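Structural features, examined
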Amino acid sequence: MFFQHVYDKSLAQASYFIGCQKAGVAAVIDAKRDVDTYLEIAKQNNMKITHILETHIHADFLAGSRELAALTGADMYLSDEGGEGWEYEFPHIGLKDGQKIKLGNLILEVVHTPGHTPESISFLLTDTPASDEPVMLFTGDFVFVGDIGRPDLLEKAAGVVGTADAGALQMYQSVQKFNKLPDFIQVWPGHGAGSACGKSLGSVPSTTVGYEKVRNWAFQYKHDEKGFVKYLLTDQPEPPKYFAMMKHLNKVDRPLLTAVPKLRKLNQIELTEALAKGIKLIDARDKSEFSKGFIPGSINIQGNNSFATWAGWFLTYEEPFMILAPESQLDDLTRKLMRIGLDNIYGYIPSTETYTGNLDQSHFISLEELKALKGDPNVQIIDLRGVAEFNAGHIEGADNVFVGTMVNNLDKISKDKKVVIHCQGGDRASIGYSLLIKNGYTNVLNYSPGMNEWVNEGNPVIA
């Protein structure tokens, strides 16, 4: 057996390349959209990709199954579980619980594990030359290291009322099914720490059935279904806005993107005209560089592992947008964007030098300055973190406006008072600062060190 774990740090998303070396055939599970990675693995190991599998209709990334199928001619094996409304709307080989897929000397058995979504399936792998016992379980968004998949995404991201409770009850039953598996089976999940598909995912890439039975919170509610459901649905992080679109695009027939696009470099005239038309400019520089001088109206989303997630909060799938980033970073940023289907890139500029107008600068305050302003009736402190973070501990008197939905809640932020914004460590505050300036605020101060410094210096928090 050949096995390779492919991990995308930007979305904390795992995919898997599995092959039978004797037969020279391979399968890919939950492929990311820039599929050249799998083609290169196949080439290096003299294998042909013949099977493409998915564990469910993904919400957090745009699956590359169809791109990979178009390039390789491989068949797509997708879930036919879940009932009405959960059918893939393009040709595929449907899978049901108990069905077995033969891949050379390997056998993949389908296990229906609903909860995260009704159609979710896992794949139980047996390497027949080695043993008659299964060796690996690919769980998708069912069981993670130390956590399980959240069932509330449809309700929170797409507004499908009532699906969270129903999914939680399904998840409870799936957990009981997992409990019956042998302890020695390796578990390879679809996500790691940093994914919004759960609330406490571990950063270790894999685990075992036995270990999860001992340490995973979800397996400590064997006779307490109500307690399980309550804990599962409490304090889940805000699902990024783009999740609803991913559910749609992963289900329907859509245009394919089989290569990483090359971006067009914009000149000064093209940039000026685009800005005049209202085309958004995403400045992907580090927040410290952005603060020293930025193009008015640009949005600072740093080109790190969270780039695509935040871009998905503030860009739509209909509008074109521009990127400010050095050429050396473009391939990486374009890949990150295409993984969530944000392909409508108008062009890029390598630096602020393309812009001929005056640059803006960020205005920061220190811890001591914040203390002096705190309690002043003419000052509003805005905590840009998520609701669960805010409830766990915040500065007394602060208002919570989550940065991801801030543009829709500007009525909660004063244009008359001094406004001090902060987050945990400064990244979200830089996004928030740029958005407020873009929306006409001139009274904003950024306490960039955020809660990290506030707590580390021994200052009180309110929970």
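A few points on the structure. (Residues numbered from 1 in each chain as written. Predicted model: local features only at pLDDT ≥ 70, side-chain atom pairs only at ≥ 80, totals over all residues. Heavy atoms only, no water.)

A few points about a negative patch on the surface
Heads up, the condition is: Nonpolar side chains (Val, Leu, Ile, Met, Phe, Trp, Tyr) are joined into patches within 5 Å and like charges within 9 Å, using only residues with over 30% relative accessible area and no salt bridge. Note that accessible areas follow from Shrake-Rupley with a 1.4 Å probe, and for residues the cover is restricted to the protein chains shown. When a carboxyl oxygen of Asp or Glu lies within 4 Å of a side-chain nitrogen of Lys or Arg, that pair is called a salt bridge. By the counting rule applied here, Lys and Arg register as positive and Asp and Glu as negative, while His and the ends of each chain are not counted. Throughout, a charge is located at the NZ atom of Lys, the CZ atom of Arg, the CG atom of Asp or the CD atom of Glu. Here a strand is any run of E in DSSP of at least two residues, a helix any run of H or I of at least four, and the numbering for each starts at the N terminus. Working definition: with a 1.4 Å probe on protein chains only, accessible area under 20% of the residue-type maximum means buried, over 50% means exposed, and in between means partly exposed.
Together, Asp 80, Glu 84, Glu 87 and Glu 89 make up a negatively charged patch on the protein surface. One can find Glu 84 in the loop between β5 (75–79) and β6 (93–95). Among the residues examined, Glu 84 registers a relative accessible area of 77% and is labelled exposed.

Some points on the nonpolar core
Note the cut-off: Buried Ala, Val, Leu, Ile, Met, Phe, Trp, Tyr and Cys residues form a nonpolar core when they are joined through side-chain atoms within 4.5 Å. Pairs of residues are marked as contacts when any of their non-hydrogen atoms sit within 4.5 Å.
Ile 323 and Ile 413 are the most contacted members of the largest nonpolar core, which totals 53 residues. Of all the secondary-structure elements, those providing two or more residues to this core are α7 (243–249), α10 (307–314), β15 (321–324), α11 (327–338), β16 (345–349), β19 (418–422) and α14 (427–438). Looking at which element gives the most residues to this core, the answer is α10, with six residues. If near-sequence neighbours (up to four positions away) are discounted, Ile 413 is found in contact with Gln 380, Ile 382, Val 401, Met 406, Val 419, Leu 436 and Tyr 441. Counting 23 residues, the second-largest nonpolar core is a separate cluster that includes Met 47, Ile 52, Leu 68 and Met 76.

Quick look at unusual backbone geometry
What you tend to see is this: most non-glycine residues have negative phi, and most peptide bonds are trans. Phi is positive for Ala 12, which is not a glycine, with a value near 50°. Along the chain, Ala 12 falls in the loop between β1 (2–8) and β2 (13–20). The class of Ala 12 is buried, set by a relative accessible area of 3%. Positive phi values are uncommon outside glycine, yet Asp 30 reaches one of about 55°. Mapped onto the fold, Asp 30 is located in the loop between β3 (25–29) and α1 (36–44).

Notes on the sheet that holds strand β10 (residues 136–140)
Threshold: Strand pairing is assigned whenever DSSP identifies at least 2 bridges connecting the two strands.
Strand order in the open sheet formed by six strands is β7-β8-β9-β10-β11-β12, and the pairing between neighbours is mixed. The open sheet terminates on both sides in strands that have one partner only, identified here as β7 (100–103) and β12 (207–208). Taken together, the three bridges between strand β9 (residues 121–127) and β10 define a ladder with antiparallel strand orientation. Opposite Leu 124, over in β10, you have Leu 137 as the bridge partner.

Description of the packing of aromatic side chains
What counts, and what does not: Stacked, edge-to-face and tilted labels apply to pairs of Phe, Tyr and Trp rings (six-membered ring for Trp) whose centres lie within 6.5 Å, assigned for plane angles under 30 degrees, over 60, and everything in between, in that order.
Scanning the model with the defined rule gives 20 aromatic pairs in all. Taking the centre distance of 5.9 Å and the plane angle of 85° together, the rings of Phe 142 and Phe 178 count as edge-to-face. Placement of the pair is Phe 142 in the loop between β10 and α3 (153–158) and Phe 178 in helix α4 (residues 163–179), with a sequence separation of 36 residues. With a relative accessible area of 3%, Phe 142 lands in the buried category. Judged by relative accessible area, which is 2%, Phe 178 ranks as buried. A ring pair is formed by Tyr 172 and Phe 228, whose centres lie 5.1 Å apart and whose planes are at 70°; its orientation type is edge-to-face. Note that Tyr 172 is positioned in helix α4 and Phe 228 in helix α6 (residues 225–233), a separation of 56 residues in sequence. Residue Phe 228 is classed as buried on the basis of its relative accessible area, which comes to 0%. In this structure an aromatic cluster arises from ring pairing among Tyr 172, Trp 217, Tyr 221, Phe 228 and Tyr 231.

Remarks on the sheet that holds β19
Read across the sheet, four strands follow the order β18-β17-β19-β20 without closing on themselves; strand pairing throughout is parallel. One side of each edge strand has no neighbouring strand; the edge strands of this open sheet are β18 (399–400) and β20 (444–446). Pairing of β19 with β20 involves three bridges; the strand directions are parallel. By the bridge assignment, Ile 421 is partnered in β20 with Asn 446.

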